[in-house]
Structure formats: structure tokens, C-alpha cells
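# Fold and contact review
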Amino acid sequence: MMILVTGGTGTVGRPLVASLVGRGATVRVVGRSVTDVPAGVERFAADLGDLGSVAPALKDVDVLFVHPRAVGEQAAGLAALAAEHGVRRVVVMSAINVDDDPALQPSRWNGDRNREVEAAVVAGGLPWVAVRPTSFAANVAGLFGAQVRAGDVVRAPHGDFAEALIDEADVSAVLAEVLVDDRWDGERLAVTGPERLTQRELVDVIGAVLGLPLQFQEVPAEAAVRGMVANGLPEEFARALMERYAKVVTPAATDTVERVLGRPARSFADWVGAHREAFRR
């Protein structure tokens, strides 16, 4: 089986490629920079914004993986091109909040078009699977990591906002499984961690795992926006994130990881234990 992977060198793509190779699949990675891929993987350098340069990469491909950030506005064209070249199936990663009001999807301010990319794949005419992960546990390192390294007080807005964060390694594992197994075709798989945790509870878990006397201190949303902007984030992103915290009730934890992989999703505590360096003082 030949699998073509877009976005194969990022947080999800790199472990996905490694997992597919471990399963014995033939993997080809396409993108502008394809040097950082594991041994035994085919590399095809092409600009995903130029579908003409991508077309040769589809030769002999059975299954296509569409990464929304890598493909962006070219999703519909790429899906059509895949069908023309005899690709049998397409797996797309989007996000658990694709059906929410776009104003409450902060990642759109970073250029993500999860809704449009998923819709293009579904409309493309090939059997498809949409994997919809919730927020990655790794995002907590960006939000809290520097504060934990600096002291015992962690400040954030909306302390009662809760979601079932997913270990990004579990996302890659689920993607690998549905890429090689067509029994999930036609499904939109909401992928979460095993439990919803509030901002306060996330800090409690970090403290318990690392043995630190951490305390959570809630701050006003406007102060959080100023801090994010000062650290280089777009103001529109920061305000959309505050709106999401204030208005969105995130979905309950799902059992998708266990259904697909035959084991429970890894907990946030498991993730912290495996990523201690993100908080090390």
C-alpha cells in the first residue's frame, strides 16, 4: 500500500510517518521541505500551492492524507487530482470545533481552514475519513510552560473553561490506523483525551506530576490578551480565544481512541510525565 502524506514533518506528521513505516506501509511525503523524514520514506519536493508540481507525487498512490495547514485552499483541487490519478481513499485531519461559529475558532486567525478543507475532501468523490481532534496537550506547554519554569503561580483567564485535551501522539496513532484500515470510511471521528479538565485542574495535574506546589490564579481576559500580543500572537487570535473560553462548552470526552486503537487515550498526566522538559526549571 502506498500512502502519500502532506504535512509529514510537523507535530502530527512526523510521528504519523514513523508509525506508518512501522506498519509496513510504503510512505511518500510531499512538501516544500522533505529532508526531515525517517529513513525508508520516499521524499517528493513540491509546492502544495502549485498542484501541477504535486501531480507526479500521486503516481501509484492508494491513500492520501490531507493535512489542513499544509494544503489550505488547494484542498478541493488536490482531492480532484487524487481522483484523477486513481487514489482509492482520502483521510483528512480537521478539528473537533469545525462546526462551531468561525468567530469562535481561534486557529482561523493562524490561517487554518479546517472546515473548508474537510468539506472539500468529503465532496471530492472518493471514500473518506475525517479525524477531528480536540486541542493538543502540547498547547499547554505554550500557555503555562514559561510560568511554571519561573515560579509556583500560574496565571490564566477563565479558570473554569474545560476540555478533554488529546495527546498529539494519540492523534498520529489514530490517523495511522484509519489510513491503513478502510472500516472507518465515511466517519467523522471526534478524537479527545479521556477526561475534561478545567484550566485550574490542568495546573493541579502539572504540579502533582512534577512535585511542584503550583497555584492557579485567574486573571481578567483583557490582561491575558495584552500578554499574548506582547508575546507576538495576533490580537485577533487572542480575542477569539477569549471568546471561545467565555462562550463555548466543549464536547464531552469520547471513546474514539479506544475504539480505533483498542486502548484508552493517554491522560493529561501521562502527557506531562512524558514532556517534563517543557516545564523544567
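Attention in this report is confined to the structure presented alongside it. Here the structure is a predicted model, which means the values were calculated and not measured. (Residues numbered from 1 in each chain as written. Predicted model: local features only at pLDDT ≥ 70, side-chain atom pairs only at ≥ 80, totals over all residues. Heavy atoms only, no water.)

### With respect to the overall build of the chain
Under the convention used in this document: The secondary structure listing takes helices from DSSP runs of H or I that are at least 4 residues long and strands from runs of E that are at least 2 residues long, numbered from the N terminus. Atoms counted for the radius of gyration: C-alpha only. Globule rule: 2.2 Å times residue count to the power 0.38. For each residue, the accessible area found with a 1.4 Å probe, counting protein chains only, is set against the maximum for its type, and the residue is called buried under 20%, exposed over 50%, and partly exposed in between. We call two residues in contact whenever any of their non-hydrogen atoms come within 4.5 Å of each other. Every accessible area reported is derived by Shrake-Rupley at a probe size of 1.4 Å, with residue values counting cover from the shown protein chains alone.
Within the chain, the regular secondary structure consists of 12 helices and 11 strands. Relative to the 2.2 N^0.38 estimate, which gives 19 Å for 281 residues, the radius of gyration of the chain is 19 Å and therefore close to what a compact globule would have. With 281 residues in all, the chain has 50% of them scored as buried. In the chain, 76% of the contacts between residues at least 6 apart in sequence involve partners at least 24 apart. Split by element, the accessible area of the chain, about 12300 Å² in all, is 49% carbon and sulfur.

### Considering the environment of E218
The following threshold applies: In protein, a polar contact requires one atom able to donate a hydrogen and another able to accept it; more generally it is a pair of N or O atoms within 3.5 Å, and residues adjacent in sequence count only if both atoms are side-chain atoms.
Counting through the fold element by element, E218 comes out in strand β11 (residues 215-218). Relative accessible area serves as the criterion here: at 42%, E218 is assigned to the partly exposed category. Apart from residues lying up to four places away in sequence, E218 is in contact with A156, P157, H158, G159 and R200. Separated by 3.1 Å, the side chains of E218 and R200 make a polar contact.

### Things to note about the sheet that holds strand β9 (residues 188-191)
Whether parallel or antiparallel, the strands of a sheet pair through hydrogen bonds between backbone atoms. What counts is decided by this rule: Two strands are said to pair when DSSP picks up at least two bridges between them. What counts as an axis is a line fitted to C-alpha atoms, over the stretch in contact for a helix, and the angles between N-to-C directions run from 0 to 180 degrees.
Ordered in space as β3-β2-β1-β4-β5-β6-β9, the 7 strands form an open sheet in which the pairing is parallel. Edge positions in the sheet fall to β3 (42-45) and β9, since each has one partner strand and no second. Strand-to-strand, the axes of this sheet are offset by a mean angle of 20°, without reference to chain direction. Strand direction decides the pairing type here: strand β4 (residues 63-66) and strand β5 (residues 89-93), joined by 4 bridges, are parallel. Paired with V63 across the bridge in β5 is R89. Lying over the sheet, helix α5 (residues 114-122) contacts β4, β5, β6 (128-133) and β9, oriented at roughly 170° with respect to β5.

### Some words on helix α1 (residues 13-22)
Quick note on the threshold: Think of it as the arc spanned by the lines of direction from the helix axis to the C-beta atoms.
Listing the buried residues of α1 in full gives G13, L16, V17 and L20. For α1, the arc enclosing every buried residue in end-on projection is 100°, short of the 170-degree limit, so these residues lie on one face. Buried residues along α1 sit against β1 (2-6), β2 (26-31), β4 and α7 (168-180). One or two positions beyond α1, positive phi appears at G24, with a value near 90°.

### What to know about the nonpolar core
How we decide: Here, the term nonpolar core denotes a set of buried Ala, Val, Leu, Ile, Met, Phe, Trp, Tyr and Cys residues that are joined through side-chain atoms within 4.5 Å.
Judged by nonpolar contacts, the single largest core of 32 residues is most densely connected at V5, L20 and L175. Among the elements that line this core, the one with the most residues is α7, at 6 residues. In this structure L20 touches I3, V5, A25, V27, A176, L179 and V180, once residues within four positions along its chain are discounted. Grouped together as the second largest cluster of nonpolar side chains are 27 residues, L81, V92, V117 and W128 included.

### Details of the packing of helix α9 (residues 221-230) against helix α10 (residues 235-247)
Convention followed: Throughout, the term roughly parallel applies to angles under 35 degrees, roughly antiparallel to angles over 145, roughly perpendicular to angles from 65 to 115, and oblique to all others. By convention the crossing between two helices is left-handed if the near helix lies anticlockwise of the far one by an angle smaller than a right angle, and right-handed if it lies clockwise.
One can describe the packing of α9 onto α10 by two numbers: an axis separation of 9 Å at closest approach and a directional angle of 150°. It follows that α9 is roughly antiparallel to α10 by the angle criterion. Relative to α10, the crossing made by α9 is right-handed. Across from A221, E222, A224, V225, M228 and V229 in α9, the residues of α10 making contact are E235, A238, R239, L241 and M242.

### Some details on the packing of helix α6 (residues 138-150) against helix α8 (residues 199-210)
Running from amino to carboxyl end, α6 crosses α8 at an angle of 55°, the nearest separation of the two axes being 12 Å. Put simply, α6 runs oblique to α8. When you trace α6 past α8, the crossing you get is right-handed. Along its contact with α6, which presents V140, F144 and V148, the element α8 presents Q199, L202, V203 and I206.

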